[in-house]
Amino acid sequence: MRVGREAGRLLLRAMSSSPFPHSEALAPYTPPPWAAKLHGVPKYRLQLGQLNTPIQRWRLDDLPAGVELFIKRDDMTGSTLSGNKVRKLEFLMADAIDRGCGAVITCGGVQSNHCRATAVAARQLGLDIHLMLRSDVQNPSEVGCEGNLLQDRLMGANVYLVQRTEWYEEKLLPRMKRLAQRIKETSGKDSYLIPVGGSNLAGLFGYITAFQELMEQGVLERFDDLVLTVGSGGTTCGLCVANYLTGSKIKIHAVAICDDAAYFHRHINATLQEIGLTDVRSEDIVDIIEGYRGRGYALSTKKELEFVANIAQTSGIILDPVYTGKATMGLLNELRTNQSRFHGNRILFLHTGGIFGLYDGRMTSILKDGMRHVTDRVHDWWNPDDDPPFP
């Protein structure tokens, strides 16, 4: 009996010091019946997001007559761990833990929402985090603590600055593999590599599963069109695959904020082949809306930033300058000038998050100068005997 108790204590000690302390959090994943025959169905899922997210009426000015606009609040999937990336990470991080990895490597822009969310999730799960961030700045001392970078730093992420022009397949992926080898040699830990935006086969199921949530919220009966932004393509691909498999009549529109329609259709078509859907093409299941990239990815114009501020001031919904701000501009302009591209008048916009991108400093001049009459309502009432300085 004493030997048995001692063995039990040793086992508990070994479990508590295991390099994979959160493997018990893995939950077996069963896809919706309509997705069960897809190739590459993940084995496990983690609960990281605060789901289900609500659908709310979005009261915007100057909507065309008869148009009803609602918003799916995937900006409310969490606090520090928020936005659409959380749904993908539930599958990606589960796969990392299942494979016994002790480190995660991913990449994106210097203000990447995906990298920030991955850093938070990795730390919560006891994994090391390495971020390769595209930047115009080469000197690490010039990298600040604004926006998503603040959380990257708080999580103790290892950040590697790379050139802004480096493409994933050609440049970043080979370097990620070299870094993984270095980590293995120095720490003995295996690394889990996540592509830009978490847009791979495992991440795809984040929004295949999200579509089941939309169905349970009555979206198929309540709406004619679903609109979102497209950056890396994973969220759009998951939704249009699910929309196709369920026989839904909703039309999906994705507003491109980088690259062009041909690029995204190539990406989605490659994924369709990978999951075994050989009888359908991307061009048949998603409408890629071009023309709203502005100055380019993660670059803003004064007009775009004023638009984001106006939406917040008039509707209480905070958009981000990189993704949802440009996508909403595109949606409203298309409704006014090209309404025939929509299937009907009942529109659902998917808010994919990105709020921390607003805190990188780009909004300051807009709020304090450009729109001062609306957004700079800070008054001096130091003397309690003075009359209220309003209006």
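Preceding this paragraph is the structure being described.
First, a word on scope: everything that follows refers to the structure included in this document. (Residues numbered from 1 in each chain as written. Predicted model: local features only at pLDDT ≥ 70, side-chain atom pairs only at ≥ 80, totals over all residues. Heavy atoms only, no water.)

## Description of empty space enclosed by the protein
Quick note on the threshold: For cavity detection a 1 Å grid was placed over the protein atoms alone, and a set of points counts as a cavity when a 1.4 Å probe fits there but cannot get out; an open set counts as a pocket when protein lies on both sides within 12 Å along at least five of seven lines, with lining residues being those that have an atom within 4 Å of a point. Grid points are joined across faces, edges and corners, and a volume is the space filled by probe spheres set on the points. Put simply, DSSP H or I for four residues or longer makes a helix, DSSP E for two residues or longer makes a strand, and each gets a number counted from the N terminus. Classes in brief: Ala, Val, Leu, Ile, Met, Phe, Trp, Tyr, Cys and Pro nonpolar; Asp, Glu, Lys and Arg charged; the others, Gly included, polar.
With the rule as written, the count across this model stands at 2 cavities of 30 Å³ or more. Approximately 50 Å³ is the volume found for the largest cavity. Around the largest cavity sit K72, D74, Y207, A210, L214, L226, L239, L348 and L350, which together line it. Those elements that place two or more of their residues in the lining of the largest cavity are α6 (201-216) and β12 (346-351). The greatest single-element share of the lining of the largest cavity, amounting to 3 residues, is contributed by α6. Its residues assigned to classes, the lining of the largest cavity shows 7 nonpolar, no polar and 2 charged.

## Concerning the sheet that holds strand β6 (residues 128-135)
Going by this rule: In this description, strands pair whenever DSSP reports at least two bridges between them. Helix axes are fitted to C-alpha atoms over the stretch in contact, other axes to C-alpha atoms as well, and angles between N-to-C directions run from 0 to 180 degrees.
Strand order in this open sheet of 4 strands is β7-β6-β5-β8, and the pairing throughout is parallel. With one partner strand each, in any of the chains shown, β7 (158-163) and β8 (191-193) form the two edges of the open sheet. Taken over all neighbouring pairs, the strand axes of this sheet differ in orientation by 25° on average, direction set aside. As judged from the 6 bridges shared by β6 and β7, these two strands associate in the parallel manner.

## Considering the state of the cysteines
Two cysteines form a disulfide when their sulfur atoms are joined by a covalent bond. Our working definition: The term disulfide is used for any two cysteine sulfur atoms that are within 2.5 Å. When accessible area is computed with a 1.4 Å probe and restricted to protein chains, residues below 20% of their type maximum are described as buried, those above 50% as exposed, and intermediate ones as partly exposed.
Under the definition given, this model contains 0 disulfides. Looking at the unpaired C115, the closest cysteine sulfur is the one in C107, lying at 6.4 Å. Judged by relative accessible area, C115 falls into the buried class, the value being 0%. The thiol sulfur of C237 is not disulfide-bonded, and the nearest other cysteine sulfur, from C240, lies at 5.1 Å.

## Focus on the sheet that holds strand β11 (residues 287-289)
What counts, and what does not: Here, two residues are considered to be in contact whenever any of their heavy atoms come within 4.5 Å of each other.
Judged by pairing direction, the sheet is mixed, and its 6 strands sit side by side in the order β3-β4-β12-β9-β10-β11 without closing on themselves. Looking at strand neighbours, the two that pair on one side only are β3 (55-57) and β11, the edges of this open sheet. Taking each pair of neighbouring strands and ignoring which way they run, the sheet shows an average axis angle of 30°. With 3 bridges connecting them, strand β9 (residues 225-230) and β12 associate as parallel partners. Along β12, the bridge assignment pairs D225 with I347. This element, helix α8 (residues 234-245), spans β9, β10 (251-256) and β12 of the sheet and lies at about 155° to β9.

## Things to note about the packing of aromatic side chains
For the record, the criterion: By convention, a stacked pair of Phe, Tyr or Trp rings (six-membered ring in the case of Trp) has centres within 6.5 Å and planes under 30 degrees apart, an edge-to-face pair has planes over 60 apart, and any other such pair is tilted. Both a distance and an angle decide whether a charge sits over a ring: NZ of Lys or CZ of Arg must be within 6 Å of the ring centre and within 35 degrees of the ring normal.
For the structure shown, the criterion picks out 7 aromatic pairs. When the centroid spacing of 5.9 Å and the interplanar angle of 70° are considered together, the rings of Y297 and Y323 count as edge-to-face. Residue Y297 is located in the loop between β11 and α11 (302-315), and its partner Y323 is located in the loop between α11 and α12 (324-337); the two are separated by 26 residues in the primary sequence. Its relative accessible area of 30% is what places Y297 among the partly exposed residues. Members of the aromatic cluster, connected to one another through ring pairs, are Y29, F91 and F205. When the ring centre of Y207 is taken as reference, the NZ or CZ atom of R87 above it lies at 5.6 Å. Residue placement shows R222 over the ring face of F70; its charged tip is 5.9 Å from the ring centre.

## Examining a negative patch on the surface
For clarity, the threshold we go by: Patch criteria: residues need more than 30% relative accessible area and no salt bridge. Like-charged residues are merged within 9 Å; nonpolar side chains of Val, Leu, Ile, Met, Phe, Trp and Tyr are merged within 5 Å. Shrake-Rupley sampling with a 1.4 Å probe provides the accessible areas, and residues are treated as covered by the protein chains on show and by no other component. A pairing counts as a salt bridge when a side-chain nitrogen of Lys or Arg comes within 4 Å of a carboxyl oxygen of Asp or Glu. Positive charges come from Lys and Arg, negative ones from Asp and Glu, while His and the chain ends are left out of the count. Note that the charge is assigned to NZ on lysines, CZ on arginines, CG on aspartates and CD on glutamates.
Together, D380, D385, D386 and D387 give the surface a local cluster of negative charge. Relative to the assigned elements, D380 resides in the segment after α14 (372-375). You can call D380 exposed: its relative accessible area is 64%.

## A word on helix α9 (residues 261-274)
Applied cut-off: Every helix has an expected span of 1.5 Å times one less than the residues it contains. This arc is built from the directions going out from the helix axis to the C-beta atoms.
For α9, spanning 14 residues, the distance from its first C-alpha to its last is 20 Å, which sits close to the expected 20 Å at 1.5 Å a residue. Taken together, the buried positions of α9 are occupied by A261, F264, H265, I268, N269, T271 and L272. For α9, the buried positions fall inside an angular range of 160° around the axis, keeping them on one side. Buried residues in α9 make contact with α6, β9, α8, β10, α10 (282-285) and β11.

## Side note on the pairing of β10
Quick reminder of the rule: Handedness of a crossover: with both strands directed away from the viewer, a clockwise path from the first strand across the helix to the second marks it as right-handed.
Burial analysis of β10 places 5 of its 6 residues in the buried class, the great majority of the element. Of the pairings in the sheet, the one linking β9 to β10 comprises 6 bridges and is parallel in character. Each bridged residue has a counterpart across the sheet, and for L226 the counterpart in β10 is I252. This β-α-β element, β9 to α8 to β10, shows right-handed connectivity.

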